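What the coordinates show
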Amino acid sequence: YGARPQGDPRANQSRAIACQRRALELISVDTDGDGWAIAHTNLGLSLLERAAEYPAVGSSVALESAAKETAADIEEAIGHFHSALEWRSVERNQRDWAHTEINLGLAFDRRHKGDRRNNLERAIAHYKEAAQGFEASGDMALFAQALHNLSSARLVLAQLEQTPETTRRSLLRDAAADARASLQARPVSVAPIEAGRAWRQLGDVLATSDDASGAIQ
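Read on for an overview of the structure.

Conventions adopted
Residues numbered from 1 in each chain as written. Predicted model: local features only at pLDDT ≥ 70, side-chain atom pairs only at ≥ 80, totals over all residues. Heavy atoms only, no water. Helix = DSSP H or I, 4+ residues; strand = E, 2+ residues; numbered from the N terminus. Rg over C-alpha atoms; globule rule 2.2 N^0.38 Å. Buried < 20%, exposed > 50% of the residue type's maximum accessible area, 1.4 Å probe, protein only. Areas by Shrake-Rupley, 256 points an atom, 1.4 Å probe, with all protein chains shown as cover. Lys, Arg positive; Asp, Glu negative; His and termini not counted. Charge placed at Lys NZ, Arg CZ, Asp CG, Glu CD. Contact = heavy atoms within 4.5 Å. Core = buried A, V, L, I, M, F, W, Y, C linked by side-chain atoms within 4.5 Å. Phe/Tyr/Trp six-rings, centres within 6.5 Å; stacked < 30°, edge-to-face > 60°. Lys NZ or Arg CZ within 6 Å of the ring centre and 35° of its normal. Axes fitted to C-alpha atoms, helices over the stretch in contact; angles between N-to-C directions. Parallel < 35°, antiparallel > 145°, perpendicular 65-115°, else oblique. Left-handed = near helix turned anticlockwise from the far one by under 90°. Nonpolar A, V, L, I, M, F, W, Y, C, P; charged D, E, K, R; others polar. 1 Å grid on protein atoms, 1.4 Å probe; cavity = no way out; pocket = protein on both sides within 12 Å on 5 of 7 lines; lining within 4 Å. Points joined across faces, edges and corners; volume = space filled by probe spheres on them. Expected span 1.5 Å × (residues − 1). Polar contact = N/O pair within 3.5 Å; in protein donor to acceptor, adjacent residues only side chain to side chain.

1. Some thoughts on the overall build of the protein
- Helix and strand content of the protein: nine helices and zero strands.
- Ordered by position in the sequence, the α and β elements of the protein form the string α-α-α-α-α-α-α-α-α.
- Relative to its length of 217 residues, the protein is compact, with a C-alpha radius of gyration of 18 Å against a globular reference of 17 Å.
- On the principal axes, the C-alpha backbone points of the protein span a range of 55 × 50 × 35 Å.
- Residues counted as buried form 43% of the 217 residues belonging to the protein.
- Taken as a whole, the protein presents about 11400 Å² of accessible surface, with 50% of it coming from carbon and sulfur.
- A distance of 2 Å separates the average location of the 25 positive side-chain charges in the protein from that of its 30 negative side-chain charges.

2. Points about the side chain of Arg 154
- Tracing the backbone shows Arg 154 in helix H6 (residues 140-158).
- Residue class for Arg 154 comes out buried when judged on its relative accessible area of 8%.
- For Arg 154, the residues in contact, after removing those within four places along its chain, are Ile 124, Lys 128, Leu 171, Asp 174, Ala 175 and Asp 178.

3. As for the nonpolar core
- Grouped together as the largest cluster of nonpolar side chains are 48 residues, with contacts concentrated most on Leu 48, Tyr 127 and Phe 134.
- Among the elements that take part in this core, H6 stands out by supplying nine residues, more than any other.
- Aside from chain neighbours lying at most four places away, what touches Leu 48 is Ile 74, Ala 77, Phe 81, Asn 103, Leu 106, Ala 107 and Arg 110.

4. Let's talk about the packing of aromatic side chains
- One pass over the full model with this rule turns up zero aromatic pairs.
- Stacked on the ring of Trp 87, the Lys or Arg Arg 92 has its end atom at 3.5 Å from the ring centre.

5. Considerations on the packing of helix H4 (residues 94-110) against helix H5 (residues 116-137)
- Orientation of H4 relative to H5, taken along the N-to-C sense of each, is 160°, at an axis distance of 7 Å. Between H4 and H5, the interaxial angle falls into the category roughly antiparallel. In this structure, the crossing between H4 and H5 has a hand that is left-handed.
- Classifying every residue of the contact of H4 with H5 gives twelve nonpolar, seven polar and six charged.

6. Focus: the environment of Ser 170
- Tracing the backbone shows Ser 170 in helix H7 (residues 165-185).
- Classification of Ser 170 as partly exposed rests on a relative accessible area of 30%.
- Measuring from C-alpha to C-alpha, the distance between Ser 170 and Lys 113 comes to 26 Å, with 57 residues separating the pair along the chain.

7. Some details on the layout of surface pockets
- Volume-wise, the largest pocket comes out at about 250 Å³.
- Lining the largest pocket are Leu 45, His 99, Ile 102, Asn 103, Leu 106, Asp 109, Arg 110, Tyr 127, Leu 142, Gln 145, Asn 149 and Ser 152.
- Listed by contribution, the elements that provide at least two residues to the lining of the largest pocket are H4 and H6.
- Here the lining of the largest pocket takes six residues from H4, the largest share from any one element.
- When its residues are assigned to classes, the lining of the largest pocket shows five nonpolar, five polar and two charged.

8. Regarding H4
- With 17 residues, H4 ought to run about 24 Å at 1.5 Å a step, and its terminal C-alpha atoms sit 24 Å apart, in line with that.
- By the criterion of burial, H4 is predominantly enclosed, with twelve of the 17 residues buried.
- On its buried face, H4 is in contact with helix H2 (33-51), helix H3 (60-84), H5 and H6.
- Structurally, the start of H4 carries an N-cap: the backbone nitrogen of Arg 95 is 3.1 Å from a side-chain oxygen of Asn 93.

9. What about the packing of H2 against H3?
- Put simply, H2 and H3 touch, their axes get as near as 8 Å, and they point 160° apart. As the angle between them shows, H2 and H3 are arranged roughly antiparallel. Relative to H3, H2 is oriented so that their crossing is left-handed. Where H2 approaches H3, its residues Trp 36, Ala 37, His 40, Thr 41, Leu 43, Gly 44, Leu 45, Leu 47, Leu 48, Arg 50 and Ala 51 are matched on the opposing element by Thr 70, Asp 73, Ile 74, Glu 76, Ala 77, His 80, Phe 81, Ser 83 and Ala 84.
- Its residues assigned to classes, the contact of H2 with H3 comprises eleven nonpolar, six polar and three charged.

Okay, structure coming up:
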C-alpha cells in the first residue's frame, strides 16, 4: 500500500501504516532486530508520505485540522526513525543505517514543530550522516540523493532572515559543493532526471549567491 499507484494516496498510506503497526505488535527488537528496525523505518516513511498528502486548500477549519494532523504524523515519524536507530548502526549495516538517517533528515526538514533554524540544522546533520553511510556502502545513487538533500537544506537555512551574513556565505559555498558532488556521483549519463534536478539545485544556489552567470550556465 505504501507504493500503490492506484487509489487515494492518503488512504493507501493509512493502510500501509496500519500494516506496519501490526508488524510491530508481532516482532520485537529482541526477537528480530532487523525486521523491527525495518518496520519502524517504513512506518516513519509512510507517516511522512501521508503528511505530504493532507489537503492544502479548503475551509480554515479543514486547513487547521490538516495542519495538526500533518505535524502529528511528522512528530511520530521522527520517533520511529529514532527507534530504528536503536538497532541500526554503522557497525551492523552502513546502508540500512544511512537509509534511516536520510529519512530522519527529511522529517526534520519538513517538521512544523519547534524552531525552523534548529530543525534545518538537525536535518543537515542527519543528511551528512546518510551521505557518509551511503558512500561507504557503495550506494552512489543514494549518496548523490543525500548530497542533494544536504544542498537543499543548506540553501533554505542560508535564506532565513536571522542567518548572519558570514554564515550565509559559508552555507551557500557548501550547498554549491554538495550539488556539484551530487552531480559527480550521479551524472546525466546515469540518471538524467535526477541530474537535471541537481543542476537546477546548483542554479538556485548560485543565483542566491548573486552568481547570475553561473546560475544561467
